[in-house]
Amino acid sequence: MKKLAKYHKTHKDRYLEELKDLLRIPSVSADPAYKKDVLATADFIKQKLEDAGVNNVEICPTKGYPIVYGEYIVDKKLPTVLVYGHYDVQPPDPLDLWESGPFEPVVKKTKLHPKGAIFARGACDDKGQVYMHIKAFEAMKANDAVPCNIKFMIEGEEEVGSENLAPFIKKNKKKLACDVVLVSDTGIISNKVPSITVGLRGLAYLEVEVTGPNRDLHSGVYGGAVANPINVLSKMIGSLHDKRNKIAIPGFYDNVARVSKKERTEMNKAPFSETKYKKDLAIKEVQGEDKFTTLERTSIRPTLDVNGMWGGYIGEGAKTVLPSKAYAKISMRLVPNQDPDRVSKLFEQHFKSIAPKSVQVKVTPHHGGVPVVTPTDTIEYKAAHMAMQTTFKKEPIPQRSGGSIPIVALFENILQRKTILMGFGLDSDAIHSPNEHYGLFNFYKGIETIPYFYENYAKLKAEE
Ligand code: BES
Ligand code: MN
Ligand code: MN
């Protein structure tokens, strides 16, 4: 590992310059206007995998954006790690809130990142973290120190639901055969407190359309006599939480796994300051489900949120109008053992049942995902734990995350393999937000830690 440290030192500036090149390509999967760029990003990843010494690198077409696959087989008898990540990013909007262009990466110092952080869409989620893996591999390969077989599968549709990845995995079970999946697309508690993600929430996402009169009306001539769909939708949404902030959809909590007192006590020992949390977000008070802490509300409990709501006139100045339609995008984060399809159906039934006769309601489900919890009593967890302990010089804490990576459940169902979620981001990195960034400390720490994971894993497997 000394050789690797020396290699990193010589090449670290180039690592960063290459990451900047990757961040300059606007691979926004949600917006067809960026199609050429998303495809160019797949080519870029392929090239960099090849340059690093990965074999059989190919761009695998799908009905949507392609999956970049590559492998490095040292010896069929050695264990195989499948690295998964995504090269697509979220849309950069709202653009005017970015201090520098979302696709013009710059390094700036911040309070939490005194050594600098790279600012750009995708810096942390997930291009920066994918790139750590490519550079960690490059260093191992260049130093003849690849301790196990490694396969790479980098997709371009994670941010839009990974719809084409499941059929790809089903079709390519043999190619993707592995002992464990390794993903860096999550975070740590802080740069002083490393952690390993051991849970992800699931997701049910729906769009609702409420229609009142058959056309927009003058709000003076008709207002007061005809139901306003925006007023109605607001009321309906308002009723989805009760006074104790429980979700008021019948049956919603039916399958929610209860977490034992002991586990909850353990979980709340993780370092967390509510005062700092509130200060960081400029809020006077946190809010959420009664009788649960902030850490619990964002990990082991399900939620319902409006992600966007629109209708009527939203342009400059005042236009008096009683709109014909109102819309909202609603997401529910799910926990074990909730099923996204069942929850979506419950939502639709309930939402239609609370609609007054004066309006019509249409509900359209979007992509969803199943929640996951990963075990800590496995060889792979131990390998990740030891790796982080070595490089951070502190024991990492297992922590469940509130975010979702729907494909992880499918690794378990289709490939029958567990996933290690060894990410290096911080909650404050503003992923999906303006001014997304990724600490250089985190980028380099990831590159340093990943080879230890492979080494530990290969060793522990051999002793098995
Ligand atoms: N990398 C995130 C998920 C994440 C972020 C997990 C932080 C844990 C901590 C991923 O790219 C993502 O954004 N997932 C979406 C779901 C997807 C279906 C669009 C999410 O969680 O909203
Ligand atoms: Mn991600
Ligand atoms: Mn994301």
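Computed from a predicted model, the values in this text were never measured in an experiment.

## Notes on the site of ligand 1
1) Next: The environment of ligand 1 is formed by 17 residues, the closest being Glu158, Asp185, Arg333, Ser404 and His432.
2) Next: Between an oxygen atom of ligand 1 and a side-chain N or O atom of Arg333, the distance comes to 2.7 Å.
3) Next: Here an oxygen atom of ligand 1 sits 2.8 Å away from a polar atom, N or O, in the side chain of His432.
4) Next: For ligand 1, whose accessible area on its own is 520 Å², the fraction buried by protein is 88%.

## Here we look at helix α3 (residues 127–142)
1) Next: Taking 1.5 Å per residue, 16 residues should reach 22 Å; α3 reaches 22 Å between its end C-alpha atoms and fits that length.
2) Next: Taking burial as the measure, the 16 residues of α3 include 14 buried ones, the bulk of the element.

## Regarding the nonpolar core
1) Next: With 66 residues, the main nonpolar core has Phe453 and Tyr454 as its most contacted residues.
2) Next: No other element matches the 11 residues that helix α12 (residues 440–463) contributes to this core.
3) Next: Discounting chain neighbours no more than four positions away, the residues touching Phe453 are Val81, Val180, Leu182, Glu380, Ala383, Ala384, Ala387, Ile420 and Met422.

## Digging into the pattern of salt bridges
1) Next: With the rule as written, the count across this model stands at 23 salt bridges.
2) Next: The closest approach of N and O atoms between Lys418 and Glu412, which form a salt bridge, is 2.6 Å.
3) Next: Residue classification places Glu412 among the partly exposed positions, given a relative accessible area of 29%.
4) Next: Lys461 serves as the salt-bridge partner of Glu464, at 3.6 Å between the closest nitrogen and oxygen.
5) Next: A residue is classified by how much of its surface remains accessible, and Glu464, at 66% relative accessible area, is exposed.
6) Next: Through salt bridges with shared partners, one network takes in Arg14, Glu18, Lys135 and Glu138.

## Focus: the coordination of the manganese ion (ligand 3)
1) Next: Taken together, the protein ligands of the manganese ion (ligand 3) are Asp125 (OD), Glu159 (OE), Glu159 (OE) and His432 (NE2), with distances of 2.0 to 2.6 Å.
2) Next: Every donor counted, the 6 donor atoms about the manganese ion (ligand 3) form angles of 55 to 154° at the centre, which fits irregular coordination.
3) Next: In the primary structure, the donors to the manganese ion (ligand 3) are separated according to the pattern D-x33-E-x272-H.
4) Next: The distance between the manganese ion (ligand 3) and the manganese ion (ligand 2) comes to 3.6 Å, with Asp125 serving as a donor to both metals. With Glu159 in the loop between β6 (149–155) and α4 (165–171) and His432 in the loop between β15 (419–421) and β16 (437–439), the pair connects residues that are 273 residues apart, well separated along the chain.

## Quick notes on the domain arrangement of the chain
1) Next: For the chain, the domain assignment lists domain 1 (2–200 + 371–463) and domain 2 (202–256 + 302–366).
2) Next: One C-alpha centre belongs to domain 1, the other to domain 2; they are set 36 Å apart.
3) Next: Opposite the 7 residues of domain 1 that make contact, domain 2 presents 7 residues.
4) Next: Interface area, domain 1 with domain 2, both sides summed: about 480 Å², of which 62% is carbon and sulfur.

## Notes on the packing of aromatic side chains
When we look at a pair of aromatic rings, we describe it by the centre distance and by the angle of the planes.
1) Next: Counting across every chain of the model gives 13 aromatic pairs.
2) Next: Taking 5.1 Å as the distance between ring centres and 10° as the angle between the ring planes, the aromatic pair formed by Trp310 and Tyr327 counts as stacked. Within this pair, whereas Trp310 is found in strand β10 (residues 303–311), its partner Tyr327 is found in strand β11 (residues 325–334), the two being separated by 17 residues in sequence.
3) Next: Taken together, Tyr72, Phe137 and Phe152 form an aromatic cluster joined through their ring pairs.
4) Next: Positioned over the ring face of Phe119 is Lys108, at 4.6 Å from the centre of the ring.
5) Next: One Lys or Arg, Lys175, reaches over the ring of Tyr69 and ends 4.9 Å from the middle of that ring.

How each quantity is defined
Residues numbered from 1 in each chain as written. Chains lettered and ligands numbered in written order. Predicted model: local features only at pLDDT ≥ 70, side-chain atom pairs only at ≥ 80, totals over all residues. Heavy atoms only, no water. Near = heavy atom within 4 Å. Polar contact = N/O pair within 3.5 Å; in protein donor to acceptor, adjacent residues only side chain to side chain. Areas by Shrake-Rupley, 256 points an atom, 1.4 Å probe, with all protein chains shown as cover. Helix = DSSP H or I, 4+ residues; strand = E, 2+ residues; numbered from the N terminus. Expected span 1.5 Å × (residues − 1). Buried < 20%, exposed > 50% of the residue type's maximum accessible area, 1.4 Å probe, protein only. Core = buried A, V, L, I, M, F, W, Y, C linked by side-chain atoms within 4.5 Å. Contact = heavy atoms within 4.5 Å. Salt bridge = Lys/Arg side-chain N within 4 Å of Asp/Glu carboxyl O. Donors = N, O, S within 2.8 Å, 3.2 Å for Na, K, Ca; no water. Tetrahedral: all angles 85-135°; square planar, octahedral: opposite > 155°, others 65-115°. Domains from an automatic or database assignment. Buried area = accessible area lost by both parts, 1.4 Å probe. Phe/Tyr/Trp six-rings, centres within 6.5 Å; stacked < 30°, edge-to-face > 60°. Lys NZ or Arg CZ within 6 Å of the ring centre and 35° of its normal.

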